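These are the residues of each chain, in order.
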Amino acid sequence: QDLSVNLRLASGNGVSPVSTNQTLGNDFNKLNILLDRAYLRYQPDPRLVVSLGRVPNPYAGALDLIWDRDLAFDGLSLSWSNRVAGNDFRVRGGGFSVENTDPNYPGNSINKVGSYDKWLAALQVEWSRTLDKDTSLHADSAVYEFVNIEGELSSPCFAPNVDVTCTTDNSRPGFVQKGNTLFGIRDLRLINPGDPAFQYFGLASKFRVVSFGAGLDLRLSGPLHLAVDGEFARNAAFRRSRIVDRVPVNNYGPCAPGVGTCVQQVDIGRDAYQLQVRFGHPLLRRFGDWQGQVGYRYVESDAVPDTFTDSDFHLGGTNAKGYYVGGSVGFTDNATVGLR
């Protein structure tokens, strides 16, 4: 069968793209059910898979340094794989719509600026090889190009109430967690010093994320395995001087000790990395199967868009570092419980 239709429902709310968590205890009220995935999967050849619609995360791997595992992508995904002389290769590509804005924007004004659509183009190359019956290696490299994701400064704007629209209001992100550097996107002009000034905020940096990952899987004894994985990511579009020129509103360092006048400097960065060790059963399929993990993650402020990162580590976002430990166990066939 070379064509299939895939649908999946999930709990949670429609505000966050990275979490399907549902909080119980709402006076026994009914809960939301959402359309989490809806896509066509076409496989004209055993080596080629094409997916169109709201597709599963094509780039989810052993680590979640860049993407949350619950994230789904809206657009077109292609995957091509081949085996050459014992080496397995896979190329993943895609074009995805991050945010569609109104082409009639702003709707409450006769002066239109049009849409400010945001896109993602992605390419990932993977390699893996089984050295012997006990040892395997894998590596990958990827480029994620975000288009129009950063904020833009408006033309001079007088906004004394929330009904006023400035020219670049639709460049602000539809959802953020925390960590990325932000700046005020409205060039506000006041008639009187006491006039209210309603401001919006956008991402101060462009994002072109380049990542490299590698891992080793070693069988220890019987069904037990030890796996070591690492990943490094850098925002190649990061320009510190450009961000500073935009006068950020967050991510400032502390005042220098012993200085009478506090002049805080912007404390930002473009790099991220993660190291992780897993041990136990590689797959949890039966009762009693178990797996443990320990790792360390370091993510500077503007290494990746904070919108799409793991929503559990540091409760989501970037500008964070720390260790984590966890494990899972199969309590019946094809069902597990975990703690991290």
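Residue indices follow the written sequence of each chain, beginning from 1 at its first position. With the structure being a predicted model, the display of local features is reserved for residues of pLDDT at least 70 and the display and counting of side-chain atom pairs for 80 or more, all residues being used for whole-chain, interface and lining totals. Based on all heavy atoms of the structure, the side-chain values leave hydrogens and waters out of the count.

Caption draft 1: Representation of the overall build of the protein chain within the structure. Here a helix means four or more residues in a row that DSSP labels H or I, a strand means two or more in a row labelled E, and each is numbered from the N terminus. When helices and strands are tallied, the protein chain shows one helix and 15 strands. Its C-alpha atoms give the protein chain principal-axis dimensions of about 75 × 60 × 50 Å. With a 1.4 Å probe rolled over the protein chains alone, any residue whose accessible area is under 20% of its type maximum counts as buried; one over 50% counts as exposed, and the rest are partly exposed. Classification of the 340 residues of the protein chain by burial places 37% in the buried group. When charges are counted, Lys and Arg contribute as positive and Asp and Glu as negative, whereas His and the chain ends are disregarded. A single reference atom marks each charge: NZ on Lys, CZ on Arg, CG on Asp, CD on Glu. The averaged location of the 36 negative side-chain charges in the protein chain is 3 Å from the averaged location of its 33 positive side-chain charges.

Caption draft 2: Layout of the environment of Arg90. With respect to the element layout, Arg90 can be found in strand β5 (residues 87–99). For Arg90 and Tyr39, which are 51 residues apart along the polypeptide, the C-alpha to C-alpha distance reads 21 Å. We call two residues in contact whenever any of their non-hydrogen atoms come within 4.5 Å of each other. Those residues within four positions of Arg90 in sequence are excluded, and the remaining contacts are Ser79, Trp80, Ser81, Gln124, Val125 and Glu126. Here a polar contact means two N or O atoms within 3.5 Å. Within protein one must be a hydrogen donor candidate and the other an acceptor candidate, and residues neighboring in sequence count only if both atoms are side-chain atoms. Among the polar contacts listed, one links the side chain of Arg90 to the side chain of Ser79, at a separation of 3.2 Å.

Caption draft 3: Inspection of the pairing of strand β11 (residues 224–235) at higher detail. At least two bridges found by DSSP between two strands are what make those strands a pair. Bridge count between strand β10 (residues 208–221) and β11: twelve bridges; the pairing is antiparallel. When the sheet's bridge partners are listed, Val210 is paired in β11 with Arg234. In sequence, β10 turns back onto β11 through a hairpin of two residues, with Gly222 there showing a positive phi of about 60 degrees. As defined by bridge partners, β11 adjoins strand β12 (residues 271–280) across ten bridges and the pair is classed as antiparallel.

Caption draft 4: Molecular detail of the state of the cysteines. By convention in this document, the label disulfide applies to cysteine sulfur atom pairs within 2.5 Å. If you walk through the whole model with that rule in mind, you get two disulfides. Here Cys255 engages in a disulfide with Cys262; their sulfurs sit 1.6 Å apart. Between Cys255 and Cys262 the disulfide shows an S-S torsion of about -70 degrees. By sign, it is left-handed. Given a relative accessible area of 37%, Cys255 falls into the partly exposed group.

Caption draft 5: A look at unusual backbone geometry. The backbone of Ala85 sits at a positive phi, close to 50 degrees, despite the residue not being glycine. Here Ala85 is to be found in the loop between β4 (72–84) and β5. With relative accessibility at 66%, the residue Ala85 sits in the exposed group. If you check the backbone angles, Asn319 has positive phi at about 60 degrees while not being a glycine. Checked against the element boundaries, Asn319 lands in the loop between β13 (290–299) and β14 (320–332).

Caption draft 6: Representation of the nonpolar core in the model. In these notes, a set of buried Ala, Val, Leu, Ile, Met, Phe, Trp, Tyr and Cys residues joined through side-chain atoms within 4.5 Å is what counts as a nonpolar core. Formed by 25 residues in total, the largest nonpolar core has its most connected members in Ile66, Trp67, Phe73, Tyr144 and Phe146. Looking at this core, the elements with two or more residues in it are β6 (118–132) and β7 (135–147). When residues no more than four places from it in sequence are discounted, the contact partners of Ile66 are Tyr144, Val209, Ser211, Glu231, Ala233, Val304, Phe308 and Thr309.

Caption draft 7: Spotlight on the side chain of Thr318. As for its position among the elements, Thr318 is in the loop between β13 and β14. Looking at Thr318, its side chain comes within polar contact range of the main-chain nitrogen of Asn180, at 3.4 Å. Apart from residues lying up to four places away in sequence, Thr318 is in contact with Lys178, Gly179, Asn180, Val299, Glu300, Ser301, Val304, Asp306 and Thr309.

Caption draft 8: Broad picture of a nonpolar patch on the surface. Patch membership needs two things, relative accessible area over 30% and no salt bridge, and members are linked within 9 Å if like-charged or within 5 Å if nonpolar (Val, Leu, Ile, Met, Phe, Trp, Tyr). In this description, accessible areas are obtained by the Shrake-Rupley approach with a 1.4 Å probe, and a residue is regarded as covered only by the protein chains that are shown. Put simply, a salt bridge is a Lys or Arg side-chain nitrogen that is within 4 Å of an Asp or Glu carboxyl oxygen. Together, Leu3, Val5, Leu7, Leu9, Ile33, Leu35, Leu40, Tyr42, Leu52, Leu76 and Leu78 make up an exposed nonpolar region whose accessible area comes to about 1,100 Å². Broken down by secondary-structure element, the contributors of at least two residues to the nonpolar patch are β1 (3–10), β2 (34–45) and β4. For the nonpolar patch, the element with the most residues is β1, which contributes four residues. Within the fold, Leu7 resides in strand β1.

Caption draft 9: View of the pattern of salt bridges. Throughout the structure, instances matching the rule amount to 19 salt bridges. Between Asp45 and Arg47 there is a salt bridge, with the nearest N and O atoms lying 3.2 Å from each other.

Caption draft 10: Region of the structure containing the environment of Tyr296. Looking at the secondary structure, you find Tyr296 in strand β13. Between the C-alpha atoms of Tyr296 and His281, which are 15 residues apart in sequence, the distance is 21 Å. Ignoring any residue separated from it by four or fewer positions in sequence, one finds Tyr296 in contact with Tyr273, Gln274, Leu275, Lys321, Gly322, Tyr323 and Tyr324.

Caption draft 11: Fine view of the packing of aromatic side chains. Between the rings of Phe, Tyr and Trp (Trp by its six-membered ring), a pair exists once the centres lie within 6.5 Å; its type follows the angle of the planes, with under 30 degrees stacked, over 60 edge-to-face, and the other angles tilted. Applying the stated criterion across every chain, the model contains 13 aromatic pairs. Where Tyr273 meets Tyr298, the ring centres are 5.3 Å apart and the plane angle is 20 degrees; that geometry is what we call stacked. Residue Tyr273 is found in strand β12, and its partner Tyr298 is found in strand β13; the two are separated by 25 residues along the sequence. Accessibility expressed as a relative area gives 26% for Tyr298, which makes it partly exposed. Joined through ring pairs, the aromatic side chains of Tyr59, Trp67, Phe73, Phe96, Tyr144, Phe146 and Phe308 make up one cluster.

Caption draft 12: Looking closely at the side chain of Asp169. Considering the arrangement of structural elements, one finds Asp169 in the loop between β7 and β8 (182–184). Here the side chain of Asp169 touches Cys166 through a polar contact of 3.0 Å, landing on its backbone nitrogen. Leave out the neighbours within four places in its chain, and Asp169 touches Tyr105, Val164, Ile185, Arg186 and Tyr200.

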